[in-house]
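Now for the letters of each chain:
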Amino acid sequence: MSGHRGNAVAGRAPAGTMVTVPAITMTTSDVDEARTTLGEHFYSNFLEVLSPEPWTAAFEIAPAGVVTLGDLHFGADVRIKFGELGAYHVDIPLSGELAWRQGRGDAMVATTGRAAVFQPVGDTTLERWHGDCRLLAVKIDREVLEDELARMLDERIGAPVQLGPELEMSRGPGAAWLRLARLLAADATDEHGLLRHPVLGRRMYENLVGGLLLAAPHNYRAALDNHRSGLAAPRAVRRAAEAMRADAAQPFTVADLAQIAGVSPRSLQDGFQRYLGTSPMAYLRGLRLSRAHQELREAEPGQSSVAEIAYRCGFVHLGRFAAVYRRRYGVSPSQTLRS
């Protein structure tokens, strides 16, 4: 018996591309339909139903190009063979158990407290997906994960990322990452969800990928730990600060400065807070105030006005300029000019 399938997506997005498409909601008792759906949005597979009793699979899948999220339940014991995956993948049982194997590794069992983590290479088999196992599946494009790691380290990476085969989900960073994954999976099925925003959605997916790198064991964990958990490196902070010092009157935004520094806006903000104890915009305002203060002190009364100096230093709202100037220097701009 074939079930209902809504809003299917034709084709795949190029690696690393963020796309906004409707979520797929599907129920079926047809093996071929279930196999085809998993093949379209996860991996090509051979699917075998191991239980003789009637069953109905229920899938909710949110493909986004860079990351695919799936809430999957078969209702029967099944065995699935995938071959090599070509992407990183985390299977998290929300109930029940999943027996699996990848490459020449030993057979392992994923539970509600311990997720299965798959590499892009190595033949992969789900030996027994138990009928009571509801699975949260997270598929991450290989280039996306490696690019995010390079951004967090602020340097190119050499060897491929080797994630550990299991991730503790009952406590610590793994539990925090699971909460984030469940939140995004729920939001992805909402046509008005934040994940559909072209900018905010990408950042949320980036947070999911970066969070996995901070939660899971892998061959770059020591480098990440030594790099202050992936905050913007001092070099990136210096690039942004130098650009502001060179021309503080420029109408910089955080996004502009992040592009100059070669990091994400959030990473730049974290880096400024960690290394300079302030935000990029507060740092820029401080530079402008210092220059305005210097020009006011050096200007001849009657030759320059407070407004001229304020505009020249990058302030466009005179009232706000006067307020922040007084808070910093204890006098008004006009008093400094007259003195």
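Residues numbered from 1 in each chain as written. Predicted model: local features only at pLDDT ≥ 70, side-chain atom pairs only at ≥ 80, totals over all residues. Heavy atoms only, no water.

You'll find the protein chain entered in an unreviewed UniProt entry as Putative AraC-family transcriptional regulator, with Actinoplanes friuliensis DSM 7358 given as the organism.

(A) Region of interest: the nonpolar core. With 39 residues, the main nonpolar core has Val67, Leu69, Val138, Ile140, Leu145, Trp177 and Leu212 as its most contacted residues. Mapped by element, the contributors of at least two residues to this core are strand E5 (67-73), strand E7 (87-95), strand E10 (114-118), strand E12 (134-141), helix H2 (142-153), helix H3 (172-188) and helix H4 (200-215). The element contributing the most residues to this core is H4, with 7 residues. Those residues in contact with Leu145, other than ones at most four positions away along the chain, are Tyr88, Ile140, Val161, Leu163, Val209, Leu212 and Leu213. In this structure, Ile24, Ala34, Phe118 and Leu126 belong to the second largest nonpolar core, which totals 29 residues. (Core = buried A, V, L, I, M, F, W, Y, C linked by side-chain atoms within 4.5 Å. Buried < 20%, exposed > 50% of the residue type's maximum accessible area, 1.4 Å probe, protein only. Helix = DSSP H or I, 4+ residues; strand = E, 2+ residues; numbered from the N terminus. Contact = heavy atoms within 4.5 Å.)

(B) The arrangement of the sheet that holds strand E3 (residues 46-49) in detail. Pairing is antiparallel in the open sheet, where 5 strands are placed in the order E3-E6-E11-E8-E9. Each edge of the open sheet is held by one strand with a lone partner, namely E3 and strand E9 (108-110). On average, each strand axis in the sheet is tilted by 20° relative to the strand beside it, whichever way the strands run. The sheet strands contacting helix H1 (residues 31-41) are E3 and strand E6 (78-83), and the helix crosses E3 at an angle near 145°. (Pairing = 2+ DSSP bridges. Axes fitted to C-alpha atoms, helices over the stretch in contact; angles between N-to-C directions.)

(C) Up close: the side chain of Ser264. Among the secondary structure elements, Ser264 is positioned in the loop between helix H7 (254-261) and helix H8 (265-276). By relative accessible area, Ser264 is classed as buried at 17%. Of the polar contacts made by the side chain of Ser264, one reaches the backbone nitrogen of Ser267; its length is 3.1 Å. In contact with Ser264, other than residues within four places in its own chain, are Arg151 and Ala258. (Polar contact = N/O pair within 3.5 Å; in protein donor to acceptor, adjacent residues only side chain to side chain.)

(D) Expanded view of the pattern of salt bridges. Scanning the entire structure with this criterion turns up 10 salt bridges. In this structure, Arg128 engages Asp77 in a salt bridge whose closest nitrogen and oxygen atoms are separated by 2.7 Å. Highlighted residues: Arg128 in strand E11 (residues 124-129) and Asp77 in the loop between E5 and E6, separated in sequence by 51 residues. On the basis of relative accessible area, Arg128 is assigned to the partly exposed category, the value being 31%. On the basis of relative accessible area, Asp77 is assigned to the buried category, the value being 16%. For the salt bridge of Glu127 with Arg101, the shortest nitrogen-to-oxygen distance reads 3.4 Å. Residue Glu127 is found in strand E11, and its partner Arg101 is found in strand E8 (residues 98-102); the two are separated by 26 residues along the sequence. The class of Glu127 is partly exposed, set by a relative accessible area of 27%. (Salt bridge = Lys/Arg side-chain N within 4 Å of Asp/Glu carboxyl O.)

(E) The arrangement of the UniProt feature "domain: HTH araC/xylS-type" (unreviewed entry) in the protein chain in detail. In the numbering adopted here, UniProt assigns the feature "domain: HTH araC/xylS-type" (unreviewed entry) to residues 238-339. Between the first and last C-alpha atoms of residues 238-339 the distance is 35 Å; the span itself is 72% helix and 0% strand. (UniProt positions renumbered as here; feature names shortened; annotations may be inferred.)

(F) Structural context of the packing of aromatic side chains. According to the stated counting rule, one finds 9 aromatic pairs in the structure shown. On the numbers, 5.6 Å between centres and 70° between planes, the contact of Phe272 with Tyr283 is edge-to-face. With Phe272 in helix H8 and Tyr283 in helix H9 (residues 280-298), this pair connects stretches of sequence that are 11 residues apart. An angle of 45° between the planes, with centres 4.7 Å apart, marks the rings of Phe315 and Phe321 as tilted. On the basis of relative accessibility, which here comes to 9%, the residue Phe315 falls in the buried class. What makes Phe321 buried here is its relative accessible area of 1%. Following the ring pairs from residue to residue traces out a cluster consisting of Trp55, Phe59, Phe74 and Trp129. Its guanidinium or amino end placed over the ring of Tyr43, Lys139 lies 5.0 Å from that ring's centre, counting from NZ or CZ. (Phe/Tyr/Trp six-rings, centres within 6.5 Å; stacked < 30°, edge-to-face > 60°. Lys NZ or Arg CZ within 6 Å of the ring centre and 35° of its normal.)

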